[in-house]
Amino acid sequence: MTAMSAIILCGGQSRRMGTDKAWLDFNGEPLLHRICRLTVPAVERLVVVAGQMQSLPDLPQHCDVVRDLYPNEGPLGGLLTGLHFLDEIHDAAPLVWLNSSDSPYVNAHAISALGSLLQFDVQAQAVIPTSAGRQHPLNAVYRRSISAAVGECFATGQRSLKALIARLTVRLLDLDDSDFAAFDQDFTRNVNTPDDLQEALRILKRSTHASDAD
């Protein structure tokens, strides 16, 4: 298995959902717990970056919770917080899976596959999936050595992951055209609104019924 850590960002405002997405009931399980549970098998260490006063559900073992050092500064601040934490650990893995707390279909197989691609592409600093012409930087693997680039981006007042990616050497993986899509068609799906949540639950119900039929 490729040596990786994971950073999961959960300190967002959740304005479109209207409630903290970390606590959303997803088939009887808090959504953040589900995402951590599905991620843990692919990584050596999992770091959850939470808001300063944010309450979290119980999480699986082997999850570290750190409080965002740059509250209300978007995903770049959360990423920088997570990287600071990992940089202080002498044996932290060189690769980092970055995800948010609203991706119910993340899975260890996809994470490991992306990590392997980055491990063997010595020129790339990140592998970012794309679908329908859209990049998914919050479902991507980065080299931990991007810490300096993240800090420089942040110091210049830029807060978007798009601004960070413009500074990096990135390998884009088109899920629509590659064999990768054959086993991970939904892993970049996220839930931002109540309608998104209901659709994701319908997908789970259909997949469960299909498995039972098999």
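Model, not experiment: these values are computed from the prediction.

Chemist: Please set out the overall build of the protein residue by residue, giving values where relevant.
Modeler: Scanning the protein from terminus to terminus reveals six helices and eight strands. If you line up the protein on its principal axes, its C-alpha atoms span 50 × 40 × 30 Å. Expressed as a percentage of its 214 residues, the buried residues of the protein come to 50%. Of the contacts formed within the protein by residues at least 6 apart in sequence, a portion of 69% connects residues at least 24 apart. For the protein, the accessible surface area stands at approximately 10,400 Å², while carbon and sulfur atoms represent 49% of it. Side chains of the protein give 18 positive and 25 negative charges; the mean places of these two sets differ by 4 Å.

Chemist: Describe the packing of aromatic side chains, listing the residues and the values that go with them.
Modeler: What characterises a pair of aromatic rings is the spacing of the ring centres plus the angle enclosed by the ring planes. If you walk through the whole model with that rule in mind, you get three aromatic pairs. Geometrically, the ring pair formed by Tyr70 and Phe154 is tilted, given 4.7 Å between the ring centres and 55° between the ring planes. Here Phe154 lies in helix 4 (residues 147-155) and Tyr70 lies in the loop between strand 3 (63-67) and helix 2 (74-87), a separation of 84 residues in the sequence. Against the face of Phe154 rests Arg159, its NZ or CZ located 3.6 Å from the ring centre.

Chemist: Can you tell me about the confidence of the model for the protein, naming the residues and giving the values?
Modeler: Scored by pLDDT, the protein has a mean of 89; 93% of the residues are at 70 or more. Considering only residues more than four positions removed or in separate chains, one finds that residues 209-214, a stretch of pLDDT under 50, has zero contacts.

Chemist: Please give an account of helix 4 that cites residues and values.
Modeler: Along helix 4, the residues that are buried comprise Ser147, Ala149, Val150, Cys153 and Phe154. In an axial view of helix 4, the angular spread of the buried residues amounts to 165°, which keeps them on one side of the axis. Residues of helix 4 that are buried in the fold lie against helix 2 and helix 5 (161-165). Gly157, located one to two residues past helix 4, shows a positive phi value of around 90°.

Chemist: Break down the pattern of salt bridges for me, citing the residues and quoting the values.
Modeler: Oppositely charged side chains are able to pair whenever their charged atoms sit close together. Inspection of every chain in the model, using the stated rule, returns nine salt bridges. Between Asp186 and Arg189 there is a salt bridge; the shortest N-O distance is 3.4 Å. The class for Arg189 is partly exposed, based on a relative accessible area of 29%. Its salt-bridge partner being Glu199, residue Arg202 comes within 3.0 Å of it at the nearest N-O pair. Taken together, the residues Arg202 and Glu199, both in helix 6 (residues 194-213) and three residues apart, mark about one turn of the helix. When its relative accessible area of 43% is taken as the criterion, Arg202 is described as partly exposed. For Glu199, a relative accessible area of 26% puts it in the partly exposed group.

Chemist: Quick rundown of the nonpolar core? Include the residues and the values.
Modeler: Core analysis: the largest hydrophobic core is formed by 40 residues, its most contacted members being Leu32, Leu46, Trp97, Leu114 and Phe180. Taken together, the elements giving at least two residues each to this core come down to strand 1 (4-9), helix 1 (31-39), strand 2 (45-50), strand 4 (95-100), helix 3 (108-120) and helix 6. No other element matches the five residues that helix 3 contributes to this core. In this structure, Leu46 is in contact with Ala6, Ile8, Cys36, Thr39, Val40, His62, Cys63 and Asp64, ignoring residues within four places of it in sequence. With 28 residues, the next largest nonpolar core counts Val47, Leu83, Ile89 and Ile146 among its residues.

Chemist: Describe the packing of helix 2 against helix 4, listing the residues and the values that go with them.
Modeler: It is the contact of helix 2 with helix 4, at a shortest axis distance of 10 Å, that shows an interaxial angle of 140°. Put simply, helix 2 runs oblique to helix 4. Along this stretch, helix 2 crosses helix 4, giving a crossing that reads as left-handed. Packed against helix 2, whose contacting residues are Leu76, Gly77, Leu79, Leu80, Leu83 and Asp87, the element helix 4 presents Ser147, Val150, Gly151, Cys153 and Phe154 at the interface.

Chemist: Quick one: what's the story with the pairing of strand 1, residue by residue and with numbers?
Modeler: Moving residue by residue along a regular strand, the side chains alternate between the two faces of the sheet. The buried fraction of strand 1 amounts to six of the six residues, a majority that puts the element mostly inside the structure. Across the two faces of strand 1 the burial is the same, with Met4, Ala6 and Ile8 and Ser5, Ile7 and Leu9 all buried. Pairing geometry for strand 1 and strand 2, over five bridges, is parallel. The residue bridging Leu9 from the neighbouring strand is Val49, located in strand 2.

Rules of the game
Along every chain, residues carry numbers that run from 1 in the direction the sequence is written. Local features are withheld for residues below a pLDDT of 70 in this predicted model, meaning they are given only at 70 or higher, and side-chain atom pairs are given and counted only at 80 or more; totals for whole chains, interfaces and linings count all residues. Working from all heavy atoms in the structure, the side-chain values ignore hydrogens and water. A helix here means a DSSP run of H or I that spans at least four residues, while a strand means a run of E at least two residues long, and both kinds are numbered starting from the N terminus. Any residue under 20% of the maximum accessible area for its type is buried, any over 50% is exposed, and the rest in between are partly exposed; the area is computed with a 1.4 Å probe on protein chains only. By definition, residues are in contact when any of their heavy atoms lie within 4.5 Å. All accessible-area figures derive from a Shrake-Rupley calculation using a 1.4 Å probe, and residue coverage is judged against the displayed protein chains alone. We count Lys and Arg on the positive side and Asp and Glu on the negative side, and we leave His and both chain ends out. For this purpose, a charge sits on NZ of Lys, CZ of Arg, CG of Asp or CD of Glu. Here a pair means two rings of Phe, Tyr or Trp (six-membered ring of Trp) with centres within 6.5 Å. Their orientation is stacked below 30 degrees between planes, edge-to-face above 60, and tilted elsewhere. The criterion for a charge sitting over a ring is simple: Lys NZ or Arg CZ within 6 Å of the ring centre, and within 35 degrees of the ring normal. pLDDT expresses, on a scale from 0 to 100, how confident the predictor is about each individual residue. Directions are taken from the helix axis to each C-beta atom, and the arc is the one they span. Here, a salt bridge means any Lys or Arg side-chain nitrogen found within 4 Å of an Asp or Glu carboxyl oxygen. In plain words, nonpolar cores are sets of buried Ala, Val, Leu, Ile, Met, Phe, Trp, Tyr and Cys residues tied together by side-chain atoms within 4.5 Å. Here, axes are lines fitted to C-alpha atoms. For helices the fit covers the stretch in contact, and angles between N-to-C directions go from 0 to 180 degrees. Each angle receives one of four descriptions, namely roughly parallel if under 35 degrees, roughly antiparallel if over 145, roughly perpendicular if within 65 to 115, and oblique otherwise. For any pair of crossing helices, the crossing counts as left-handed if the nearer helix is rotated counterclockwise from the farther one by less than a right angle, and right-handed if it is rotated clockwise. Pairs of strands are assigned from DSSP output, requiring at least two bridges between the strands.

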